[in-house]
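Analysis of the macromolecular model
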Amino acid sequence: MKRRIAFVLALIMVLCVVLSACGSTTPKPAEKEPVTKEALLGAYKKKTEQSGGSYTMSMDAKIAVSVMGQSQDMEMTSEMKVESNKEAAHISGTATTKVAGQTENADMDVYSIKSGDGFDVYTNTDGTWYKSRAVVNVDGNVQAVLSMQDVSSMTMTETENDYIVEGKAALAEVFDALKNYIGGFDEMDDLGFDLGSMDLKNVDPAKVTYHFDKKTQEPTGVDIDMAACMNSLMQQLMKQAAGLGQQVGGDSGLNIDLSAFMKMKAERFNISIKDIVFDKNIKIELPEAAKNAAEVQIIGPANVPAGYEEFEVDEMRLYLPSGFSEQQAQGYTKAFTDGTNVVLVLKEEKSLFGNYASNMEEYIQLVAEANKSRGITEVEYENGRPVFEYEYTSGSNTYKYYSSLYESDEAYWIVQFACMKQTYDKLRPSFVNMADIVSFDE
């Protein structure tokens with residue numbers, strides 16, 4: 001549970017940084033010139049280009065969840081201190097979650113330090129430091145790069161002490177740019193879905209309110225109301241999961257319609273940023289205690305990444321990222337989904353083929369012949385495994401499959417990894433990795 005809280009908070013932190021971006025480069029006006037929203041937000045953007053700083057982030061969220069008619073609320077509150085520069089980030093604070101009457105508190109202390117082509121992540125859990133590896137980019141300049149808001153459509157008012165600028169932030173362009181900074185949204189498997197493959201064009205924008213001190217014109221805070229935004233995201237998630245589930249299995253059909261039995265509604269989802277400091281020289285130093293952190297243990301075979309879970313299918317062992325769960329699929333031995341992507345497993349006993357497939361090469365030829373109408377590629381060998389790839393189109397959606405073949409003592413196996421075509425190139429490396437670590441009992 002604490003790992004999931006940490007991941008959600010890290011995600012929301014990045015969203016906060018993104019949504020607090022602004023879209024004008026107009027310099028700060030001279031004192032005698034009238035104060036404008038373009039000048040205020042332009043000066044704010046210029047400060048973000050220093051590639052470093054800190055702020056305090058608080059969150060107050062309540063999501064109502066209904067599964068098979070049974071309802072429960074999930075509430076989360078948190079306050080986090082966030083520091084970042086181009087080489088490192090530090091997040092510390094507390095979070096409280098309430099689910100089904102149960103309350104859980106978590107203290108967060110996480111460092112992400114640049115190392116080679118990735119980042120070493122140090123996490124303090126209950127007084128013990130753990131070290132893991134990630135590709136998450138913590139570039140503190142992300143605010144300056146993701147300047148997506150149209151300042152001309154925003155409104156400006158003033159109080160006795162503040163200038164207030166209000167507007168909306170569209171998420172489609174923001175997410176598209178953000179993936180270049182956090183390694184792609186396939187990193188979000190822990191939450192059970194992939195934002196990078198979702199159609200965000202019709203997602204409601206977030207409401208963003210900027211506060212500036214009337215005397216200094218410095219930013220004092222940003223308030224973000226994401227309730228409508230999160231509800232739109234969840235609706236898109238359900239639609240996409242239903243569409244992929246119905247089509248990914250082809251004629252035999254993997255019929256998974258999450259919207260039929262699960263509903264989610266964000267009653268509130270408010271984020272506030274305050275204590276904003278811009279400092280390109282900010283220093284982030286790893287505590288001495290963290291330098292002796294224990295490496296996060298890898299489960300299963302030595303080449304199974306941390307965070308993957310083991311699934312048994314008779315004598316086969318399949319390792320998938322957290323967030324996947326088993327589903328029923330007509331025509332397949334087993335099927336697994338994370339709500340967006342699908343893994344299909346077919347086991348065929350050798351005794352069924354007689355002399356038609358007495359070895360693996362003959363089985364490969366049978367598979368190729370039987371699926372010729374799908375336009376599958378010529379068999380290729382990737383890391384020693386026979387592989388087919390093909391596409392399946394239904395209506396306006398096209399799905400793409402990475403299919404790997406295996407042989408155990410008593411059976412032949414096909415394991416297919418499927419996703420939307422537009423995300424296939426991004427997800428293919430992870431499919432290859434999952435296919436590589438399939439194993440069988442001896």
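Here's a quick rundown of the structure. No experiment lies behind these values; they were computed from the predicted model shown.

Some details on the overall build of the chain
A tally of regular secondary structure across the chain gives seven helices and 22 strands. Taking the intrachain contacts of the chain between residues at least 6 apart in sequence as the baseline, contacts between residues at least 24 apart amount to 60%. For the chain, the computed accessible surface area is about 21,400 Å², with 47% contributed by carbon and sulfur atoms.

Quick look at the environment of K400
With respect to the helices and strands, K400 occurs in strand β20 (residues 397–407). Residues K400 and M420, spaced 20 residues apart in sequence, show a C-alpha to C-alpha distance of 6.1 Å. Excluding residues that lie within four positions of it along the chain, K400 makes contacts with Y390, E391, F417, A418, C419, K421 and Y424.

A closer look at the nonpolar core
Judged by nonpolar contacts, the single largest core of 41 residues is most densely connected at Y210, F212, V222, M226 and F269. Y319, L427, F431 and I437 belong to the second-largest nonpolar core, a separate cluster that totals 28 residues.

A closer look at the sheet that holds strand β13 (residues 308–313)
Reading across the sheet, the three strands line up as β13-β14-β22 and stay open at both edges, with antiparallel pairing between neighbours. The outermost strands of the open sheet, each flanked by one partner alone, are β13 and β22 (439–440). Summarising the sheet, β13 and strand β14 (residues 316–321) pair through six bridges and their orientation is antiparallel. Considered in β14, the bridge of Y308 is made with P321.

Some points on the environment of D120
Following the sequence through the fold, D120 ends up in strand β5 (residues 118–125). Taking the C-alpha atoms as reference points, D120 and S132, separated by 12 residues in sequence, lie 6.0 Å from one another. Excluding anything up to four places from it in sequence, D120 contacts Y111, S112, I113, S115, K131, S132 and R133. A distance of 3.4 Å separates polar atoms of two side chains, one belonging to D120 and the other to S115.

Quick notes on the pairing of strand β16 (residues 334–337)
The pairing of strand β15 (residues 325–327) with β16 spans three bridges and is classified as antiparallel. Considered in β16, the bridge of Q327 is made with A335. Hairpin geometry of β15 and β16 is characterised by an intervening segment of six residues between the two adjacent antiparallel strands and by a positive phi of about 95° at G331. Taken together, the four bridges between β16 and strand β17 (residues 342–349) define a ladder with antiparallel strand orientation. In the strand pairing of β17, K334 is matched with V345. Connecting β16 to the next strand, β17, in antiparallel fashion are four residues, including G339 with a positive phi near 95°.

Notes on the environment of M234
By secondary structure assignment, the location of M234 is in helix α5 (residues 227–247). The buried category is assigned to M234, whose relative accessible area is 9%. In this structure the C-alpha to C-alpha distance between M234 and K265, which are 31 residues apart in sequence, comes to 7.9 Å. Leave out the neighbours within four places in its chain, and M234 touches M264, K265 and A266.

Structural notes on the pattern of salt bridges
One pass over the structure, following the stated rule, counts 17 salt bridges. A salt bridge links K291 to E288, with the shortest nitrogen-to-oxygen separation between them at 2.9 Å. R385 serves as the salt-bridge partner of D436, at 2.9 Å between the closest nitrogen and oxygen. Within this pair, whereas D436 is found in helix α7 (residues 424–436), its partner R385 is found in strand β19 (residues 385–394), the two being separated by 51 residues in sequence. A relative accessible area of 31% means that D436 is categorised as partly exposed. Judged by relative accessible area, which is 6%, R385 ranks as buried.

Definitions and limits used
Residues numbered from 1 in each chain as written. Predicted model: local features only at pLDDT ≥ 70, side-chain atom pairs only at ≥ 80, totals over all residues. Heavy atoms only, no water. Helix = DSSP H or I, 4+ residues; strand = E, 2+ residues; numbered from the N terminus. Contact = heavy atoms within 4.5 Å. Areas by Shrake-Rupley, 256 points an atom, 1.4 Å probe, with all protein chains shown as cover. Core = buried A, V, L, I, M, F, W, Y, C linked by side-chain atoms within 4.5 Å. Buried < 20%, exposed > 50% of the residue type's maximum accessible area, 1.4 Å probe, protein only. Pairing = 2+ DSSP bridges. Polar contact = N/O pair within 3.5 Å; in protein donor to acceptor, adjacent residues only side chain to side chain. Salt bridge = Lys/Arg side-chain N within 4 Å of Asp/Glu carboxyl O.

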